[in-house]
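Structural overview
Residues per chain are reported as follows:
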Amino acid sequence: MGQYTASQRKNVRILLVGDAGVGKTSLILSLVSEEYPEEVPPRAEEITIPANVTPEQVPTNIVDFSSVEQSDDALAVEINKAHVVCIVYAVDDDDSLDRITSHWLPLVRSTCNSNSSSTDGEPDVARKPIVLVGNKIDLIEYSTIDSVLAIMEDYPEIESCVECSAKTLHNISEMFYYAQKAVLHPTSPLYIMEEQNLTPACKKSLVRIFKICDIDSDNLLNDYELNLFQRRCFNTPLQPQILDEVKSVIQKNVPDGIYNDAVTLQGFLFLHCLFIQRGRNETTWAVLRRFGYNDQLEMCKEYLRPPLKIPPGSSTELSHRGQQFLIAVFERYDRDGDGALSPEEHKMLFSTCPTPPWSYSTDIRKSCPTNDNGWVTLHGWLCRWTLMTLTDVVKTLEYLAYLGFNVHENDSQLVAIHVTRERRIDLAKRQSSRSVYKCHVIGPKGSGKTGLCRGFLIDDMSKLLGKEFKTNVVHCINSVQVYGQEKHLILRDIDVRHALDPLQPQEVNCDVACLVYDASNPRSFEYVARIYIKYFAESKIPVMIVGTKCDLDERRQDYLMQPSEFCEKYKLLPPHLFSLKTNKKELYTKLATMAAFPRFQAAWILFYKHRLVQLWESAYLRQFGLMTEDPKVWLKAGLGVAAATLLGFMVLKAISATGTHSR
């Protein structure tokens, strides 16, 4: 990936103004013909210089102004259309030099201030870049630069000044290069001339860049880090001799700029200040644009949110490269090496971002696994990013950019995202290739669904007994093993306040639904039954019905059918009885497995009934009820299901063949 140019203009428009007779038109004609014109018209026609013959490789329009042929209104229009204005004076005419401050600079300022936007649709700035051009240097043997520098101190919009000669062609190309440079690499966003210092916005941007390049987080840039920085920004290594010279310059001017033979933040900022003071704005701009900044020193939209195509029915997950980058970031800021991010470490990690993507005190502790202190572990860290990638992938792209993915990986953050195949394909194949599944947990108020979700995050679910949950965090994520493969399961707590409240499509659509009722409440199941019939009976979404609080006395439900009868009628798995007190977690593995193999149970019940259902229950459900971390048990369960599946497909094939023959 080459140098990123965040806001490279498509063209540069240069306007030349000044008193009559100072040589504006001669300068343009001398540039084009490379010789001095003997006959000069009152005004040169607008010319366009192709990109391939300009130093910055940008098409350039040069516009002349003549007070003889054009009105003041026409001048105002041209000033607003221009990206940079060159005010030309004659070095042998003091009056033309005085008119810079008495007429031309105030005119340009007032014209820009009276217009909120330019005619090309771009927002206009009150201080348009200015280049002061002293022509006819061939007629004198002295310089006017000292006088011009005094003017520059009072007018920060003046980017540069140059003396030239249209007759001898001296500095003609340089003059137009400076004009281009004033547009493409402006000084004013970077540097405050009056204070001889970087602007606050420039400092803030460079501090972020320093932190991203400080790989070992020791607040220093060592030789290795400086070389990486050089390669990433300029695609070339930093020679040892040049590196030593740079350090020597910093040490000479900033006593605390070098520490242990490494560059400090103060030294880094001084270096860029020095670049600008020496007229090498393009160096600092190259760095800023490589890290995603535009001309206003804001992270540009294309850098933060590159276009990502997600087909309907597909989802988004972290790719291997995305996971590896996030692991490296975590380990970099886990300074005490305890495998978790303390609140301070978490704050430092996101110091390169406008704000953290989530609240550490509430969101993190309630949505993903943490240690006993409530600090996010590496596992929980990856889980939380996995959750954000599925539910808000644009935000993931933004924060990967803020953390420096584009620079460290030398590629767009799109490579950190994996777009899964469409869900309809998963349904057709009866198994999912995804590694992240979304389960909606739906049930009446007081049914225990929030406790069920939170129990997914901790080892000892009994610690949640008697707790009152008052947070707005609706997602919980953790990983489970499905036949030896790690899968992430996201539980979304669907908040339904009233039984008659309709569910929205986004509350229904998921990979697997968990309908929860309170087994100790006789009026609880009716709500679940109505929800299933209304939203899921005709859908292809796998459904698990769960009776919570099974450690209490199970009550007969006040409904037409009891839960087990209901499940049998609608060809669902038998109700799963769950309790925080028992601390059994097989429910979560069941849900993930159902999401991984959509329509699997329905296919069994639909085609094989009776004996095949018994085979399913013995080979699958009973093993499912004895879920354990023992890989031997997992292997037995997997082989049992595989054998049952193979038999089922053989029977189905035989049935299909018979049907075809009978026709």
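Residues numbered from 1 in each chain as written. Predicted model: local features only at pLDDT ≥ 70, side-chain atom pairs only at ≥ 80, totals over all residues. Heavy atoms only, no water.

Turning to the overall build of the chain, a few remarks are in order. The helix and strand tally for the chain stands at 26 helices and 20 strands. Across the 663 residues of the chain, 51% fall into the buried class. Long-range pairs, those at least 24 residues apart, make up 70% of the contacts in the chain between residues at least 6 apart in sequence. Carbon and sulfur atoms make up 51% of the accessible area of the chain, which amounts to about 32,000 Å² in all. (Helix = DSSP H or I, 4+ residues; strand = E, 2+ residues; numbered from the N terminus. Buried < 20%, exposed > 50% of the residue type's maximum accessible area, 1.4 Å probe, protein only. Contact = heavy atoms within 4.5 Å. Areas by Shrake-Rupley, 256 points an atom, 1.4 Å probe, with all protein chains shown as cover.)

The next subject is the pairing of strand 4 (residues 84–90). Strand 4 sits mainly inside the fold: 7 of its 7 residues count as buried. Alignment of strand 1 (residues 12–18) against strand 4, held across 5 bridges, turns out to be parallel. Note that in strand 4 the partner of Ile14 across the bridge is Val84. Where strand 4 and strand 5 (residues 130–135) come together, 6 bridges link them in parallel fashion. Among the inter-strand pairings, Cys86 is bridged to a residue of strand 5, identified as Val131. (Pairing = 2+ DSSP bridges.)

On the surface, a cluster of negative charge is contributed by Asp92, Asp93, Asp94, Asp95, Asp98 and Asp138. Following the sequence through the fold, Asp98 ends up in helix 3 (residues 94–113). (Patch = residues over 30% accessible without salt bridge, like charges linked within 9 Å, V, L, I, M, F, W, Y side chains within 5 Å. Salt bridge = Lys/Arg side-chain N within 4 Å of Asp/Glu carboxyl O. Lys, Arg positive; Asp, Glu negative; His and termini not counted. Charge placed at Lys NZ, Arg CZ, Asp CG, Glu CD.)

Here we come to helix 10 (residues 281–290). Here helix 10 lies mainly inside the structure; 9 of its 10 residues are buried. The complete set of buried residues in helix 10 reads Asn281, Thr283, Thr284, Trp285, Ala286, Val287, Leu288, Arg289 and Arg290. In the segment just after helix 10, Gly292 is the residue with positive phi, at about 95 degrees.

Next up on the list: the pairing of strand 15 (residues 436–442). Most of strand 15 is tucked away: 6 of the 7 residues are buried. Relative to strand 17 (residues 485–494), strand 15 runs parallel, the two being bridged by 7 bridges. Counterpart to Val436 in the pairing with strand 17 is His488. As defined by bridge partners, strand 15 adjoins strand 18 (residues 512–518) across 4 bridges and the pair is classed as parallel. Of the residues in strand 18, the one forming a bridge with Val441 is Cys514.

Another aspect to go through is unusual backbone geometry. Positive phi, close to 60 degrees, is recorded for Gln57, a residue that is not glycine. Using a relative accessible area of 51% as the deciding quantity, one classes Gln57 as exposed. Here the phi dihedral of Asn219 falls at roughly 65 degrees; this positive angle occurs in a residue that is not glycine. Along the polypeptide, Asn219 turns up in the loop between helix 6 (200–213) and helix 7 (223–234). Residue Asn219 is classed as exposed on the basis of its relative accessible area of 51%.

To continue, consider the sheet that holds strand 6 (residues 158–163). Sheet strands associate in pairs through backbone hydrogen bonding, adopting either a parallel or an antiparallel arrangement. Taken in spatial order, the 6 strands line up as 2-3-1-4-5-6 in an open sheet, and their pairing is mixed. Strand pairing shows two members of the sheet lacking a second neighbour, strand 2 (47–49) and strand 6, which therefore form its edges. Along the sheet, successive strands turn relative to each other by an average axial angle of 25 degrees, direction set aside. Helix-sheet contacts for helix 2 (residues 72–81) involve strand 1 and strand 3 (60–64), and the interaxial angle to strand 1 is about 140 degrees. (Axes fitted to C-alpha atoms, helices over the stretch in contact; angles between N-to-C directions.)

In this section: the pattern of salt bridges. Tallying each qualifying case throughout the model produces 18 salt bridges. Asp19 is the salt-bridge partner of Arg99, the closest N and O atoms lying 3.0 Å from each other. In this pair, Arg99 is assigned in helix 3 and Asp19 in the loop between strand 1 and helix 1 (24–33), connecting sequence segments 80 residues apart. With a closest N to O distance of 3.4 Å, Glu409 and Arg321 form a salt bridge. Of this pair, Glu409 sits in the loop between helix 17 (405–408) and strand 14 (417–419) while Arg321 sits in helix 12 (residues 320–333); the two residues are 88 residues apart in sequence, bridging distant segments of the chain. According to the relative accessible area criterion, Arg321 is partly exposed, its value standing at 32%. Each of Arg13, Glu46 and Glu78 takes part in a single network of salt bridges with overlapping partners.

Before going further, it helps to spend a moment on the packing of helix 2 against helix 3. Their axes nearest at 10 Å, the elements helix 2 and helix 3 cross at an angle of 75 degrees. Classified by the interaxial angle, the pair formed by helix 2 and helix 3 is roughly perpendicular. The segment helix 2 lies against helix 3, with Leu75, Ala76, Ile79 and Asn80 engaging Trp104, Leu107, Val108, Thr111 and Cys112. Of the residues that constitute the contact of helix 2 with helix 3, the class distribution is 7 nonpolar, 2 polar and no charged. (Parallel < 35°, antiparallel > 145°, perpendicular 65-115°, else oblique. Nonpolar A, V, L, I, M, F, W, Y, C, P; charged D, E, K, R; others polar.)

Counting through the fold element by element, Pro343 comes out in helix 13 (residues 343–349). Judged by its relative accessible area of 38%, Pro343 is partly exposed. For the pair formed by Pro343 and Gly374, sequence separation is 31 residues and the distance between their alpha carbons is 9.5 Å.

Residue placement: Arg384 occurs in helix 15 (residues 378–391). Residue Arg384 is classed as buried on the basis of its relative accessible area of 9%. Separated by 21 residues in sequence, Arg384 and Asp363 place their C-alpha atoms 9.5 Å apart. Excluding residues within four positions of it along the chain, Arg384 makes contact with Trp358, Asp363, Ile364, Ser367, Cys368 and Ile477. A distance of 2.8 Å separates the side chain of Arg384 from the side chain of Asp363, its partner in a polar contact. (Polar contact = N/O pair within 3.5 Å; in protein donor to acceptor, adjacent residues only side chain to side chain.)

This paragraph deals with the nonpolar core. Membership of the largest hydrophobic core comes to 71 residues, with the highest contact counts inside it found for Ile209, Phe291, Phe350, Trp381 and Trp385. In terms of residue count, the dominant contributor to this core is helix 9 (residues 265–277) (8 residues). Setting aside its immediate chain neighbours within four residues, Trp381 contacts Leu326, Val329, Phe330, Leu341, Leu349, Phe350, Trp358 and Val376. Ranked by size, the runner-up nonpolar core spans 29 residues in total, among them Leu452, Met461, Phe578 and Ala596. (Core = buried A, V, L, I, M, F, W, Y, C linked by side-chain atoms within 4.5 Å.)

Attention shifts here to the UniProt feature "domain: EF-hand" (unreviewed entry) in the chain. In the numbering used here, UniProt assigns the "domain: EF-hand" (unreviewed entry) feature to residues 321–356. Annotated as residues 321–356, this span is 56% helix and 6% strand, and its ends, taken at the C-alpha atoms, are 22 Å apart. (UniProt positions renumbered as here; feature names shortened; annotations may be inferred.)

All right, on to the packing of helix 7 against helix 10 then. Running from amino to carboxyl end, helix 7 crosses helix 10 at an angle of 90 degrees, the nearest separation of the two axes being 9 Å. Between helix 7 and helix 10, the angle falls in the class roughly perpendicular. Residues Phe229, Arg232, Cys233 and Phe234 of helix 7 pack against Thr283, Ala286, Val287 and Arg290 of helix 10. In terms of residue class, the contact of helix 7 with helix 10 is built from 5 nonpolar, 1 polar and 2 charged.

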